[in-house]
Amino acid sequence: MDKVVSLCKRRGFIFQSSDIYGGLANTWDYGPYGVELKNNVKRAWWKSVVYERFDILGMDAAILMNPKVWEASGHVNNFFDLKSDCKFCKKRFKTEDLKDKKKCPECGGELTEPKSFNLMFETNYGSVTDKSGIMYLRPETAQGMFVNFSNILDSRHPRLPFGLAQIGKAFRNEITPGNFTFRTREFEQMEIEYFVRPEEADKKLEEWIQARFDWYLNLGINKDNLRKHPHGSNELAHYAKACTDVEYNFPFGWSELEGIANRTDFDLKQHAKFSGKDLQYFDDVKKERFYPYIIEPSGGVDRAVLAFLVNAYHEEKVKDDLRVVLKLHKDLAPVKVAVLPLLRNRPEIVELARKIAQGLKKDIITVYDDTGAIGKLYRRQDEVGTPFCITVDVQSLEDNQATVRERDTMQQERINIDKLKEYLKNKFNEGDR
Ligand code: GAP
């Protein structure tokens, strides 16, 4: 894990937030390569759940919502952890992590009695400073989709089963954040709310568990490090009847990437009750009016990014050197192609390499780099997972060919410069890595 964290900082994937001020604990900023990787993860998700299906519509709800939403959803009353504070060093602990310890694990000080701690972040809305202005930063994106259920029915007239998909920030005042970007207080979710007839819920739940499991595998996660964990009844959230997590075997142990839950008709019924609006679905063929059940695949963007990074990290011995390479799936790699001049002191070579990079850039994400010797340039691209490097050398000036080096095999091929774009496009269209 330390090696991945260090690579993330060294190469510009992820930095400590507010670094120059000593940082803000457990808060992270995505740098130039990090934001590309994260966007690629989100794009791959959106493509597979919105663009490649007929039954899911995308949306993007506001982070701030009417506070009644969180009363109806049960978060005001049920979204709690038990915490104990050290009276001496003031550190806060999740009571369940203390495992009956009576003293502070850090300094041995006396602990307060366990107290409920609501995980929602509170803020004040507009100019009102009393209780009536209290708002919450959403702890899940899901509610934005439930409260738009009737807007979607009225504007798009979808038939069951259908779903809504959304990617967005969520906030939780976690008592014990940690493990790099795994558990943070500000994070991003990618959630689907899939509305089904109640009698179809169990079957659809199983289908979604498999579909989401396969999504990680198709993007290169090693199958030995991915598993399904069905929840016992004591692990279920207040709204769920059943749930299975997709877990990844991180260096700190098996941990949840995504939960796929059967939320039943809990949310729609609660919102109907609290808003006074009819949120039933009308089946115009069977002439029935009822509350659909909801199957919810809910994943964390940051956790998926972390899993893809850990999974891709490889160290290989090449002759006497250690090669660090990120074997990211091509769709996820932040940069697809790097063009490198073999001799940076030869203006004709530099000019040709720049021209090649410029020509590719419009169609394929390409960088140009001449800030080091070729060995160093390759190492840099390997460490950020660039699938192809193109090297321009003296011979290129004569035979109009460049060397294409593939990241994982390090095999090299001479390709006519005029055919490079077509060659690379074919490589990327091959689908797998
Ligand atoms: N709407 C359902 C829901 O929010 P959840 O299991 O609490 O369910 C879903 O969260 C996903 O969001 C998790 O599987 C995880 O990937 C991500 N997530 C939850 N809390 C997180 C945190 N504190 N930091 C990073 N990701 C988190």
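Predicted, not measured: the structure shown is a model, and the values here were computed from it.

## Some words on the pattern of salt bridges
Part 1 of the argument: Counting across every chain of the model gives 40 salt bridges.
Part 2 of the argument: Among the salt bridges present, the one from Asp81 reaches Lys94, with a minimum N-O distance of 3.6 Å. On the criterion of sequence distance, the pair formed by Asp81 in strand 4 (residues 80-85) and Lys94 in strand 5 (residues 92-94) is long-range, its members being 13 residues apart.
Part 3 of the argument: Lys327 is the salt-bridge partner of Glu316, the closest N and O atoms lying 2.5 Å from each other. Of the two residues, Glu316 sits in strand 17 (residues 313-318) while Lys327 sits in the loop between strand 18 (321-326) and strand 19 (337-341), which places them 11 residues apart along the sequence.
Part 4 of the argument: Residues participating in the shared-partner salt-bridge network are Glu316, Arg323, Lys327, Asp382 and Arg405.

## Focus on the sheet that holds strand 16 (residues 293-300)
Part 1 of the argument: Here 7 strands make up an open sheet; going across it, the order is 3-9-10-16-13-12-11 and the pairing mixed. Here the strands that pair on one side only, and so sit at the sheet edges, are strand 3 (56-58) and strand 11 (226-230). The average undirected angle you get between the axes of adjacent strands in this sheet is 25 degrees.
Part 2 of the argument: Both strand 12 (residues 242-250) and strand 13 (residues 253-264) contribute to a ladder of 9 bridges, which runs antiparallel. Within strand 13, the position partnered with Asn249 by the bridge is Trp254.
Part 3 of the argument: Packing against the sheet, helix 7 (residues 149-156) makes contact with strand 3, strand 9 (162-171) and strand 10 (186-196), and its axis sits at approximately 140 degrees to strand 9.

## What about the domain arrangement of the chain?
Part 1 of the argument: As far as domains go, the chain holds domain 1 (2-59 + 144-309) and domain 2 (335-429).
Part 2 of the argument: In this structure, domain 1 and domain 2 have C-alpha centres spaced 38 Å apart.
Part 3 of the argument: Opposite the 6 residues of domain 1 that make contact, domain 2 presents 5 residues.
Part 4 of the argument: Among the residues domain 1 hides against domain 2, the three largest losses belong to Arg11, Phe13 and Tyr33. Together they make up 66% of the total.
Part 5 of the argument: Linking domain 1 to domain 2 there are 2 salt bridges.
Part 6 of the argument: Across the pair Glu383 and Arg11 runs a salt bridge whose closest N-O atoms are separated by 2.8 Å.
Part 7 of the argument: In this structure, the connection of domain 1 to domain 2 is made through 2 residue pairs in polar contact (both at pLDDT 80 or more).
Part 8 of the argument: Of all the secondary-structure elements, those providing two or more residues to the side of domain 1 that touches domain 2 are helix 1 (2-10) and helix 2 (32-51).

## Some remarks on the site of the ligand
Part 1 of the argument: Taken together, 21 residues are adjacent to the ligand, and Glu140, Glu174, Thr184, Glu191 and Glu256 come closest.
Part 2 of the argument: Within the side chain of Arg172, an N or O atom sits 2.8 Å from an oxygen atom of the ligand.
Part 3 of the argument: At 2.9 Å from an oxygen atom of the ligand is found a main-chain nitrogen or oxygen belonging to Gly300.
Part 4 of the argument: Here the ligand, which alone exposes 560 Å², has 91% of that area covered by the protein.
Part 5 of the argument: Looking at the shell around the ligand, the elements that each hand over two or more residues are strand 10, strand 13 and strand 16.
Part 6 of the argument: The dominant element in the shell around the ligand, judged by the number of residues it contributes, is strand 13, at 5 residues.

## Considerations on the sheet that holds strand 20 (residues 366-368)
Part 1 of the argument: An order of 20-19-21-22-23 is seen for the 5 strands of this open sheet, with the pairing classed as mixed. Bordering the open sheet on either side are strand 20 and strand 23 (412-416), each of which pairs with just one other strand. The mean inter-strand angle of the sheet, taken between neighbouring strand axes irrespective of direction, is 25 degrees.
Part 2 of the argument: Alignment of strand 21 (residues 388-392) against strand 22 (residues 401-406), held across 4 bridges, turns out to be antiparallel. Across the sheet, the residue bridging to Cys389 is Arg405, located in strand 22.

Reading the values: rules and limits
Residues numbered from 1 in each chain as written. Predicted model: local features only at pLDDT ≥ 70, side-chain atom pairs only at ≥ 80, totals over all residues. Heavy atoms only, no water. Salt bridge = Lys/Arg side-chain N within 4 Å of Asp/Glu carboxyl O. Helix = DSSP H or I, 4+ residues; strand = E, 2+ residues; numbered from the N terminus. Pairing = 2+ DSSP bridges. Axes fitted to C-alpha atoms, helices over the stretch in contact; angles between N-to-C directions. Contact = heavy atoms within 4.5 Å. Domains from an automatic or database assignment. Buried area = accessible area lost by both parts, 1.4 Å probe. Polar contact = N/O pair within 3.5 Å; in protein donor to acceptor, adjacent residues only side chain to side chain. Near = heavy atom within 4 Å. Areas by Shrake-Rupley, 256 points an atom, 1.4 Å probe, with all protein chains shown as cover.

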